[in-house]
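Coordinate analysis (summary)
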Amino acid sequence: MADASVKRVCLAYSGGLDTSVILRWLIETYDCEVVAYCADVGQEEELTGLPEKAKASGAVDCVIRDLREEFSRDYVFPAIQGNALYEGTYLLGTALARPVIGKHHVEVARETGCDAVAHGATGKGNDQVRFELAYRALGPDLEVIAPWREWDLRSRTDCMAYAQKHSIPITATVKKPYSIDRNLLHISFEGGVLEDPWRAPDSSMFVMTTDPEEAPDTAAEVIVGFERGVPMSIDGQALRPAALLKRANQLAGAHGVGRVDMVENRFVGLKSRGVYETPGGTLLQAAHRAVESITLDREVMHERDRLMPRFAELIYNGFWFSPEMDFLRAALDKSQENVTGEARVRLYKGGLHVTGRRSPVSLYSEALSSFEDAGEADTYVQADATGFIRLQGLRLAER
Ligand code: ARG
């Protein structure tokens, strides 16, 4: 509970109802100063006027950090390199943004002389775990305050009443039908009517993707270029990470690519229904796999594929800054040394199909694989297959 030693708190702040109320509640409860911190990870929310708003709610300072480039380059692209997919479906859009937000939260807290950090994640979700594990790893000396687990406000109505009582400036008063989290990689929807896992999402809910039924009747083709597993270009044009991700979102989103509707296992032990739109990430991961198919050694690929579910689980559970993640990432980086080349992907009515792949360092040999005879130079001697199969089959005949 309220720790009297806390003098200055750095709060992850969005300007919405919850964090505005938290800001004031911190001042009232801890008799402390509050520095508001806002991370721009591409949530497309209006940030102008945010410092004024924070100060009107009682903050002594407000720091905004543009993390879009760093998020894309150091979090999203490594996940693409590792083909990270949680429970076979979720591209980890929220989970990947939490560690970069947490990292800068610690930095801003230090730079502004804070002795505590606070966040607005609830006590039932994964996000509290992800933020706080990042704080532990990077700022173990900082006190952590999670108001949703501490205070006696239970609902939106309670928050509204609190805001009214303390004359906290609140702009939007319409109830949000879902819990939404958006960034450059994805948008997620949870809660509200989606809590019934049988209930289909309303088509009006989607933001980053066109309804596949309304998508263009003609397919589009996109060529994605990679260097060492890192996305570098789209249709031959070199782009920096955030711009590339944005472009991939536009192209795939226009064709309705990247919608997912699932029930997932949260780290805290609950099952939860989530709907996601990850258009660009879906395109990049498919293209990445296609380039890998001609540039990765078979055994390296299979080893990497065995590591992938663990990689995804560490991201999901919030262990980005951990020794086991450092170990995994070193292995994944090593696997990507030869993953340079291009893939051509067709986008059509919510679907996506790889139609070509090429690489200057391809391991694919048309001559070796060909059904046609390659002649004298052939290192693959078909007669060798007789002994190969005979030895493989020995013990099968002995049963
Ligand atoms: N279920 C997803 C995850 O755990 C999305 C969470 C979205 N967070 C939110 N506060 N709405 O990664």
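The coordinates are above.
Read on for a plain summary of the structure. (Residues numbered from 1 in each chain as written. Predicted model: local features only at pLDDT ≥ 70, side-chain atom pairs only at ≥ 80, totals over all residues. Heavy atoms only, no water.)

**Details of the site of the ligand**
Using the following cut-off: Residues are labelled near a given molecule or strand when at least one of their non-hydrogen atoms is within 4 Å of it. What qualifies as a polar contact is a pair of N or O atoms within 3.5 Å, subject to a donor-acceptor requirement within protein and to the restriction that residues adjacent in sequence count only when both atoms come from side chains. Every accessible area reported is derived by Shrake-Rupley at a probe size of 1.4 Å, with residue values counting cover from the shown protein chains alone. Numbering goes from the N terminus for both helices and strands, where a helix is a DSSP run of H or I of at least four residues and a strand is a run of E of at least two. The classification used treats Ala, Val, Leu, Ile, Met, Phe, Trp, Tyr, Cys and Pro as nonpolar, Asp, Glu, Lys and Arg as charged, and all other residues, Gly among them, as polar.
Surrounding the ligand, one finds 14 residues, the nearest of these being Tyr90, Asn126, Ser179, Glu190 and Glu264. Contact between the ligand and Asn126: an oxygen atom at 2.8 Å from a side-chain N or O atom of the residue. Bound to the protein, the ligand loses 88% of the 350 Å² it would expose on its own. Every element with two or more residues in the shell around the ligand is listed here: helix H4 (93–111), helix H5 (127–138), strand S6 (179–182) and strand S7 (187–190). For the shell around the ligand, the leading source of residues is H4, giving three residues. Looking at the shell around the ligand, its residues break down into four nonpolar, four polar and six charged.

**Some points on the packing of helix H3 (residues 68–81) against H4**
Filter applied, for reference: Axis lines are fitted through C-alpha atoms, for helices just across the contact stretch, and the angle between N-to-C directions can take any value from 0 to 180 degrees. Working definition: roughly parallel below 35 degrees, roughly antiparallel above 145 degrees, roughly perpendicular at 65 to 115 degrees, and oblique for all remaining angles. Crossing handedness: left-handed means the near helix sits turned counterclockwise from the far one by under a right angle, and right-handed means the same turn made clockwise. The contact criterion used is simple: two residues touch if any of their non-hydrogen atoms lie within 4.5 Å.
Across the interface, H3 lies against H4 with an axial gap of 10 Å and an inter-helix angle of 140 degrees. The pairing of H3 with H4 is recorded here as oblique in orientation. Once H3 is placed against H4, the crossing between them reads as right-handed. Residues Glu70, Phe71, Tyr75, Val76 and Ala79 of H3 form the contact with H4, whose own contacting residues are Gly93, Leu96, Ala97, Pro99, Val100, Lys103 and His104. Looking at the contact of H3 with H4, its residues break down into eight nonpolar, two polar and two charged.

**Describing the state of the cysteines**
As a reminder, the rule being used: Throughout, a disulfide means two cysteine sulfur atoms within 2.5 Å of one another. For the exposure calls, accessible area comes from a 1.4 Å probe over protein chains only, and a residue counts as buried if that area is under 20% of its type's maximum, exposed if over 50%, partly exposed in between.
Inspection of every chain in the model, using the stated rule, returns zero disulfides. Distance from the sulfur of Cys114, which forms no disulfide, to the nearest cysteine sulfur (Cys10) is 4.9 Å. Cys159 carries a free sulfur, and the closest cysteine sulfur to it, the one in Cys32, is 18 Å from it. With a relative accessible area of 0%, Cys159 lands in the buried category.

**Description of the pairing of strand S9 (residues 230–234)**
In plain terms, the rule: Any two strands are treated as partners once DSSP identifies two or more bridges connecting them.
Here four bridges tie strand S8 (residues 220–227) to S9, and the two strands are oriented antiparallel to one another. When the sheet's bridge partners are listed, Phe226 is paired in S9 with Pro231. Once S8 ends, the chain turns through two residues before running back antiparallel as S9, passing Arg228 with a positive phi of about 50 degrees. Both S9 and strand S10 (residues 237–238) contribute to a ladder of two bridges, which runs antiparallel. Along S10, the bridge assignment pairs Ile234 with Gln237.

**Things to note about the pattern of salt bridges**
A side chain with one charge can pair with a side chain of the opposite charge if their charged atoms come near. Short version of the rule: Criterion for a salt bridge: a side-chain nitrogen of Lys or Arg within 4 Å of a carboxyl oxygen of Asp or Glu.
In this structure the tally under the stated criterion is 27 salt bridges. For Asp305, the salt bridge is made with Arg289, and the minimal N-O distance between the two is 3.5 Å. Pair noted here: Asp305 is in helix H10 (residues 298–317) and Arg289 is in helix H9 (residues 279–295), with a separation of 16 residues, a long-range link. The network of salt bridges with common partners includes Arg98, Asp127, Arg130 and Asp181.

**Overview of the sheet that holds strand S14 (residues 351–358)**
Spatially, S10-S9-S8-S13-S14 is the arrangement adopted by the five strands of the open sheet, whose pairing is antiparallel. Each edge of the open sheet carries a strand with a single partner, namely S10 and S14. Pairing between S8 and strand S13 (residues 341–348): seven bridges, direction antiparallel. Counted as the bridge partner of Phe226 is Gly341 from S13. In the packing of helix H8 (residues 241–254) onto the sheet, contacts are made with S8, S9 and S13, and the angle to S9 comes to roughly 65 degrees.

**Here's the deal with the sheet that holds strand S11 (residues 259–265)**
Strands sit in the order S6-S7-S12-S11 across an open sheet of four strands; the sheet is antiparallel. The sheet terminates laterally at S6 and S11, the two strands that pair on one side only. On average, adjacent strands in this sheet sit at an angle of 25 degrees to one another, irrespective of strand direction. Inspection of the sheet shows S6 paired to S7 by four bridges, in the antiparallel sense.

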